[in-house]
Amino acid sequence: VSGSGTKVQRYLPDWRRPKNYLSGLKKRTGGIMFTGIVEEMGTIQKIERGSQSAVLSIRCEKVLEGTQIGDSIAVNGVCLTVTSLRSDGYDADVMAETMNRSSLGLLQPGSRVNLERAMPADGRFGGHIVAGHVDGTGTIVKIEKDETAVWYRIEAAPEVLRYIVEKGSITIDGISLTVATVSDTDFQVSIIPHTQANTVLSDRKTGDVVNLETDIIGKYVEKLLQPQKTPEKESKITLEFLAENGF
């Protein structure tokens, strides 16, 4: 192989690549998705509300490491872009569509939020594929402790429930969880004490609204299985054409 730079390095074995190869790869590709593993809980410092949008000022620490303006951080499962950075936090814009589809419009100064940076190219896949694009919201209708586990029953709209399957994955406020049971009106998840203590689920109570993102793979499969409509082409053969050609 001739030449120099990244095009050559990608074909070299790991031991022959420069020591900074992976860090450079991480920097160049950036984050492409989330995995639903919450890195820390941040706190809403301030909310500047417009007529339909808002700007969130979030106090945090861990997710600031290596973060630059323009990077993506999931806030309660919603992918938001960092617009400004401070030593103790950052700001993010929330557009009207996001406010309408998620529970972010219910946040107040002092509210705690789950935070996760987008997964880098060399990161660990700890949960499941999470896009940070909320499908809708659900309402907690029951919280029940069962020895070391805590059960949450959540009601959701039919258009969200159709993509939720037993033993499948679901993202609740940015947390990757396994579905324990599902019915026509709701579903249940069971979480361990560590998850409850280190996420905003510890703040949730019956009646609270949570963000839901279903497994994106199911949506792609459904669309691919739908019959494809072939556009009808208008024929250029007319009676005049046939007559002129001896038919």
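See the structure shown above.
Here the structure is a predicted model, which means the values were calculated and not measured. (Residues numbered from 1 in each chain as written. Predicted model: local features only at pLDDT ≥ 70, side-chain atom pairs only at ≥ 80, totals over all residues. Heavy atoms only, no water.)

### Some thoughts on the overall build of the chain
When its secondary structure is counted, the chain shows seven helices and twelve strands. Across the 247 residues in the chain, those meeting the buried criterion constitute 36%. Sequence-distant contacts in the chain: of pairs separated by 6 or more residues, those separated by 24 or more amount to 68%. For the chain, the computed accessible surface area is about 15,300 Å², with 51% contributed by carbon and sulfur atoms. (Helix = DSSP H or I, 4+ residues; strand = E, 2+ residues; numbered from the N terminus. Buried < 20%, exposed > 50% of the residue type's maximum accessible area, 1.4 Å probe, protein only. Contact = heavy atoms within 4.5 Å. Areas by Shrake-Rupley, 256 points an atom, 1.4 Å probe, with all protein chains shown as cover.)

### Here we look at the sheet that holds strand 10 (residues 175-182)
Spatial strand order, 7-8-11-10-9-12: six strands in a closed barrel with antiparallel pairing. Each neighbouring strand pair of the sheet contributes to a mean axis angle of 45°, computed without reference to strand direction. (Pairing = 2+ DSSP bridges. Axes fitted to C-alpha atoms, helices over the stretch in contact; angles between N-to-C directions.)

### Here we look at the pairing of strand 1 (residues 40-49)
Looking at chain direction, strand 1 and strand 6 (residues 112-117) are connected through four bridges and run antiparallel. Across the sheet, the residue bridging to Thr43 is Arg112, located in strand 6. Pairing geometry for strand 1 and strand 2 (residues 54-59), over six bridges, is antiparallel. In the sheet register, Ile44 faces strand 2, and the bridge partner there is Ile58. Count of turn residues in the strand 1/strand 2 antiparallel hairpin: four residues.

### Notes on unusual backbone geometry
Although it is not a glycine, Asn76 adopts a positive phi angle of roughly 50°. Note that Asn76 resides in the loop between strand 3 (72-75) and strand 4 (78-86). One non-glycine residue, Lys167, adopts positive backbone phi at about 70°. Residue position: Lys167 is located in the loop between helix 4 (158-161) and strand 9 (169-172). Classification of Lys167 as exposed rests on a relative accessible area of 61%.

### Overview of the pairing of strand 6
In this structure, strand 3 lies alongside strand 6, joined through three bridges in antiparallel fashion. Looking across to strand 6, one finds that Val75 is bridged to Leu115.

### Concerning the pattern of salt bridges
Between side chains of opposite charge, a pair can form when the charged atoms approach closely. A complete count under the given rule lists twelve salt bridges for this structure. Glu48 is the partner of Lys46 in a salt bridge, and the nearest nitrogen-oxygen pair spans 3.4 Å. Residue class for Lys46 comes out partly exposed when judged on its relative accessible area of 43%. Look at Glu48 and you get partly exposed, because its relative accessible area is 45%. (Salt bridge = Lys/Arg side-chain N within 4 Å of Asp/Glu carboxyl O.)

### Focus: the sheet that holds strand 4
Pairing within the closed barrel is antiparallel, and its six strands lie in the order 1-2-5-4-3-6. Neighbouring strand axes in the sheet, compared pairwise and without regard to direction, differ in orientation by 45° on average.

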